[in-house]
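Per-entry structural report
As a plain string of letters, each chain reads:
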Amino acid sequence: MTFSTKIAFLGIGLMGDPMVRCLLRAGYSVTIWNRTHSKAQLLRAAGARPAISVAEAVSGADVVISMLEAGPIVAQVLHEALPALPAAVVWIDMSSTKQSEAQQFHATLHAAGHAFIDAPVSGGVGGAQAGTLAIMAGASSSDYARVETILAVMGRPTLVGPAGSGQVAKLCNQLIVGATLTIVAEALLLAQAAGADAAAVRAAIRGGFAESKILDVHGQRMLERNFVAGGQVKSQIKDMHNILAAADAAHLTLPVTQLVTQRYESIAETYSTADHAAALLALEELNPGQRLGDGPDQLS
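These notes cover the structure that comes with them. Not measured: the values here are computed from a predicted model.

So, how was this worked out
Residues numbered from 1 in each chain as written. Predicted model: local features only at pLDDT ≥ 70, side-chain atom pairs only at ≥ 80, totals over all residues. Heavy atoms only, no water. Buried < 20%, exposed > 50% of the residue type's maximum accessible area, 1.4 Å probe, protein only. Helix = DSSP H or I, 4+ residues; strand = E, 2+ residues; numbered from the N terminus. Pairing = 2+ DSSP bridges. Right-handed = clockwise from strand over helix to strand, strands pointing away. Axes fitted to C-alpha atoms, helices over the stretch in contact; angles between N-to-C directions. Parallel < 35°, antiparallel > 145°, perpendicular 65-115°, else oblique. Left-handed = near helix turned anticlockwise from the far one by under 90°. Contact = heavy atoms within 4.5 Å. Nonpolar A, V, L, I, M, F, W, Y, C, P; charged D, E, K, R; others polar. 1 Å grid on protein atoms, 1.4 Å probe; cavity = no way out; pocket = protein on both sides within 12 Å on 5 of 7 lines; lining within 4 Å. Points joined across faces, edges and corners; volume = space filled by probe spheres on them. Phe/Tyr/Trp six-rings, centres within 6.5 Å; stacked < 30°, edge-to-face > 60°.

**Comments concerning the pairing of strand β2 (residues 29-33)**
Burial of β2 is extensive: 4 of the 5 residues sit out of reach of the surface. Note: strand β1 (residues 6-10) against β2, 5 bridges, orientation parallel. The partner of Phe9 across the bridge, within β2, is Ile32. Handedness of the crossover joining β1 and β2 through helix α1 (residues 16-25) is recorded here as right-handed. Both β2 and strand β3 (residues 49-50) contribute to a ladder of 2 bridges, which runs parallel. Residue pairing for β3: Thr31 is matched across the bridge by Arg49.

**Describing the packing of helix α8 (residues 165-193) against helix α13 (residues 279-286)**
Two elements in contact, α8 and α13, have axes separated by 8 Å at closest approach and are oriented at 55°. Classified by the angle their axes make, α8 and α13 are oblique. In terms of crossing hand, the pair formed by α8 and α13 is right-handed. Where α8 approaches α13, its residues Leu181, Thr182, Ala185, Glu186 and Leu189 are matched on the opposing element by Ala279, Leu280, Leu283 and Glu284. Class assignment for the residues of the contact of α8 with α13 results in 6 nonpolar, 1 polar and 2 charged.

**Examining the layout of surface pockets**
The computed volume of the second largest pocket comes to approximately 230 Å³. Forming the walls of the second largest pocket are Ala179, Thr182, Ile183, Glu186, Val256, Leu259, Val260, Arg263, Ala279, Ala282, Leu283 and Leu286. The set of elements that each furnish at least two residues to the lining of the second largest pocket consists of α8, α12 (255-265) and α13. When its residues are assigned to classes, the lining of the second largest pocket shows 9 nonpolar, 1 polar and 2 charged.

**A short note on α13**
It helps to recall that an α-helix has 3.6 residues per turn; residues three or four apart then point in one direction. For α13, the buried fraction is high: 6 of the 8 residues fall into the buried class. In this structure, the buried residues of α13 make contact with α8, α10 (213-224) and α12.

**So, α1**
Summarising burial for α1: 8 of the 10 residues are buried, a large majority. Among all positions of α1, only Gly16, Asp17, Pro18, Met19, Val20, Cys22, Leu23 and Leu24 are buried. Along its buried surface, α1 packs onto β1, β2, β4 (63-66), α6 (124-130), β8 (133-138) and α7 (141-154). Of the residues one or two after α1, Gly27 is the one with positive phi, at around 100°.

**Brief notes about the packing of aromatic side chains**
Taken as a whole and judged by the stated rule, the model has 1 aromatic pair. Taking the centre distance of 6.1 Å and the plane angle of 70° together, the rings of Phe105 and Phe116 count as edge-to-face. Placement of Phe105 in helix α5 (residues 99-111) and of Phe116 in strand β6 (residues 115-118) is noted, with a sequence separation of 11 residues between them. Accessibility expressed as a relative area gives 2% for Phe116, which makes it buried.

Encoded structure:
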């Protein structure tokens, strides 16, 4: 694919906006659509062309990229777009969905003569802004080769298997993220409750086997009580449910994942749109009287 490739980008949210900006900076022609049209209009000044409808957005596109909230919404938008798709389009879904949903999208598009790639991402809003997202692609090697250059503009793409495999990789990522967030929260609260300086403990164990991006970024967020959303609690819960569904389909029992899911569900109503570092808040609710640090909660 070259810079003459026309891209339709569907879904301009926290992640979609900076991803589109990366594509525009790289010189691609990008038509954008969002259910709330005003969000799409914000990118006009950056060079994107907002479309009123899904059909208008995909008309004339060589590549369609969707970055939407969940599988059912992807299915709905795909259904709206299908009659207007030009021949032999490559559809890249970068949303987080179930593996079974991705496989159905592949089947639907393949039957209509189009290619499908599921390419969910990790790295949050910061990674999207910097163009450094981890991109996990499920596709045939030939379809992947057609769009690897485009994906590389937004981050570091890796082909992980056939259609549906990108979602499996993302679920593995989110399993580790969700569980590690809860463990980092437990470690920091234990440090403080047992009389140590939690910030100093975090500094002391960094560089050892406990080091991780979660301890680095979200450990600091927890110490600062900064729960302004990057990845939201409601998104983490959706991912945890998808992980358990994939495990069930693979005839696996994942006991730690089940516990982590319960912890996030305990704050689903109260902190739905908080950052998933709010795993700390779920832990503090289990331990009345214990609170990490003395600063106010930052929630917006």
